[in-house]
Amino acid sequence: MANTKFFTQDQIDNAKLSLADLPDLTPNRITREAMLTSLSDDIVTLSTHKGYSAADIKKALEGLDIQVSEKAIAEILKKSTGKTTRSRKPSRSSANGNAATQPSQETRAI
């Protein structure tokens, strides 16, 4: 069959109608970033509460035919640790009642 160089208006109109009738595939085509965002809470839970490493989680996802790099999983875990609040340890000078930074009463009197 030879390639046609010219098309009729009927062919174009039929093509437009056929293309307009094709279903929307976007709900079934989720990007890698959206998938990782969707799974991030589960990934963090596996790591923090169940003791899984990034390599363990990667292997589990591969078993589900989801290919994700260990680095991407590690980045999710790193971001999650930044969200937690940590208490600060007092510095040495404040632990000693600021003795090193404030002069004693005897020094002031001189």
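Procedures and definitions
- What you see as residue numbers is a count from 1 along each chain, following the sequence as written.
- In keeping with the predicted nature of the model, local features appear solely for residues at pLDDT of at least 70, side-chain atom pairs appear and are counted solely at 80 or more, and the whole-chain, interface and lining totals rest on all residues.
- The side-chain values count all of the structure's non-hydrogen atoms but skip hydrogen atoms and water molecules.
- In this text, helices come from DSSP runs of H or I with a minimum length of four residues, and strands from runs of E with a minimum of two, each type numbered from the N-terminal end.
- Helices are assigned an expected span. That span is 1.5 Å times one less than the residue count.
- We call a residue buried when its accessible area falls under 20% of the maximum for its residue type, exposed when it is over 50%, and partly exposed in between, using a 1.4 Å probe and counting protein chains only.
- Buried residues of nine kinds, namely Ala, Val, Leu, Ile, Met, Phe, Trp, Tyr and Cys, make up a nonpolar core once their side-chain atoms join them within 4.5 Å.
- Note on contacts: a residue pair is in contact if any heavy atoms of the two residues lie within 4.5 Å.
- Salt bridges are identified by distance alone: a Lys or Arg side-chain nitrogen within 4 Å of an Asp or Glu carboxyl oxygen.
- Interaxial angles span 0 to 180 degrees and are taken between N-to-C directions of axes, which are lines fitted to C-alpha atoms, for helices over the stretch in contact.
- For classification, angles of less than 35 degrees are called roughly parallel, those exceeding 145 degrees roughly antiparallel, those between 65 and 115 degrees roughly perpendicular, and all remaining angles oblique.
- In this scheme the handedness of a crossing depends on how the near helix is turned from the far one: anticlockwise by less than a right angle means left-handed, clockwise means right-handed.

Asks: It is not clear to me how helix α1 (residues 9-20) should be interpreted in this structure. Could you clarify?
Replies: Helical geometry: 3.6 residues make up each α-helical turn, so side chains three or four residues apart lie on a common side. Under the 1.5 Å per step criterion, the end-to-end length of α1 is 17 Å for 12 residues, consistent within 8% with the ideal 16 Å. In terms of residue burial, α1 counts as a barely covered element, since only zero of its 12 residues are buried.

Asks: Looking at this structure, I do not really get the nonpolar core. What am I missing?
Replies: A general feature of soluble globular proteins is that nonpolar side chains tend to end up buried together. Membership of the largest hydrophobic core is limited to 12 residues, which are Met35, Leu36, Ile43, Val44, Ala54, Ile57, Leu61, Val68, Ala72, Ile73, Ile76 and Leu77. If we skip the residues at most four places from it in the chain, Met35 touches Ile30, Ile66 and Val68.

Asks: When you look at the pattern of salt bridges in this model, what are you seeing that I'm missing?
Replies: If the charged atoms of two oppositely charged side chains come close together, the side chains can form a pair. The final tally for this structure, using the stated rule, is two salt bridges. The partner of Glu33 in a salt bridge is Arg32, with the nearest N and O atoms 3.9 Å apart. Glu62 serves as the salt-bridge partner of Lys58, at 2.5 Å between the closest nitrogen and oxygen. On the criterion of helical spacing, the pair formed by Lys58 and Glu62 is a turn pair, its members being four residues apart in helix α3 (residues 54-63). By relative accessible area, Lys58 is classed as partly exposed at 23%.

Asks: Looking at this structure, I do not really get the packing of α3 against helix α4 (residues 70-82). What am I missing?
Replies: In a packed pair of helices, the relevant descriptors are the angle between the two axes and the axis-to-axis distance. Between α3 and α4, whose axes approach to 9 Å, the crossing angle comes to 125 degrees. Judged on the interaxial angle alone, α4 and α3 are oblique. For the element pair α3 and α4, the recorded crossing hand is right-handed. Residues Ala54, Ala55, Ile57, Lys58 and Leu61 of α3 form the contact with α4, whose participating residues are Glu70, Ile73, Ala74 and Leu77.

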